[in-house]
Amino acid sequence: MWSLIVAIVVGFFAGLIARAIHPGDDKAGFIVTTLLGIAGSLLATYGGRLLGLYAENSAAGFIASVLGAVIILFLYKLVTKKS
């Protein structure tokens, strides 16, 4: 139970920082920001494991989670860019 609460709180702060780093007009609320941070953490964890940066049972840190969230934001904006 505590790990879920910690994941939500860390995800929210990682999402906030990622939105602050990546410029643009974001009108995302609490839930979207939290999901962005959690997705960034998952991307960093599994990407790091795939590249051999993390062991099988270890997770990415906070900075890597923020970087993962920035990558997700960048890709999202790239895909949804209006021509």
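Check the Subcellular location (unreviewed entry) section of the UniProt entry for the protein chain; it says "Cell membrane". In the Sequence similarities (unreviewed entry) part of its UniProt record, the protein chain is described as follows: "Belongs to the UPF0410 family."

Draft legend 1. Looking closely at the packing of aromatic side chains. A full pass over the atoms with the stated rule returns 2 aromatic pairs. Ring geometry for Phe12 versus Phe30: centroids 4.9 Å apart, planes at 45 degrees, classification tilted. Note that Phe12 is positioned in helix H1 (residues 2–21) and Phe30 in helix H2 (residues 30–50), a separation of 18 residues in sequence. The rings of Phe12, Phe13 and Phe30 are connected pair by pair, giving a single aromatic cluster.

Draft legend 2. Local environment of a nonpolar patch on the surface. Together, Met1, Ile5, Val6, Val9, Val10, Phe13, Leu16, Ile17, Ile21, Phe62, Ile63 and Leu67 give the surface a local cluster of nonpolar side chains, amounting to about 1,100 Å² of exposed area. Broken down by element, the nonpolar patch gets its largest block of residues, 8 residues, from H1. Among the secondary structure elements, Val10 is positioned in helix H1. Residue classification places Val10 among the partly exposed positions, given a relative accessible area of 34%.

Draft legend 3. Quick peek at the environment of Ala14. With respect to the secondary-structure elements, Ala14 resides in helix H1. Spatially, the C-alpha atoms of Ala14 and Ala64 are 9.2 Å apart, while their sequence positions differ by 50 residues. Excluding residues within four positions of it along the chain, Ala14 makes contact with Gly37, Phe62, Ser65, Val66 and Ala69.

Draft legend 4. Molecular detail of the layout of surface pockets. As a volume, the second largest pocket reaches approximately 180 Å³. If you go around the second largest pocket, you meet 17 residues; those closest to its centre are Ala7, Val10, Ser41, Ala60 and Ser65. Mapped by element, the contributors of at least two residues to the lining of the second largest pocket are H1, H2 and helix H3 (62–79). Counting residues per element, the lining of the second largest pocket draws most heavily on H2, at 6 residues. A class-by-class count of the residues in the lining of the second largest pocket yields 9 nonpolar, 7 polar and 1 charged.

Cut-offs applied
- Residues numbered from 1 in each chain as written.
- Predicted model: local features only at pLDDT ≥ 70, side-chain atom pairs only at ≥ 80, totals over all residues.
- Heavy atoms only, no water.
- UniProt positions renumbered as here; feature names shortened; annotations may be inferred.
- Phe/Tyr/Trp six-rings, centres within 6.5 Å; stacked < 30°, edge-to-face > 60°.
- Helix = DSSP H or I, 4+ residues; strand = E, 2+ residues; numbered from the N terminus.
- Patch = residues over 30% accessible without salt bridge, like charges linked within 9 Å, V, L, I, M, F, W, Y side chains within 5 Å.
- Areas by Shrake-Rupley, 256 points an atom, 1.4 Å probe, with all protein chains shown as cover.
- Salt bridge = Lys/Arg side-chain N within 4 Å of Asp/Glu carboxyl O.
- Buried < 20%, exposed > 50% of the residue type's maximum accessible area, 1.4 Å probe, protein only.
- Contact = heavy atoms within 4.5 Å.
- 1 Å grid on protein atoms, 1.4 Å probe; cavity = no way out; pocket = protein on both sides within 12 Å on 5 of 7 lines; lining within 4 Å.
- Points joined across faces, edges and corners; volume = space filled by probe spheres on them.
- Nonpolar A, V, L, I, M, F, W, Y, C, P; charged D, E, K, R; others polar.

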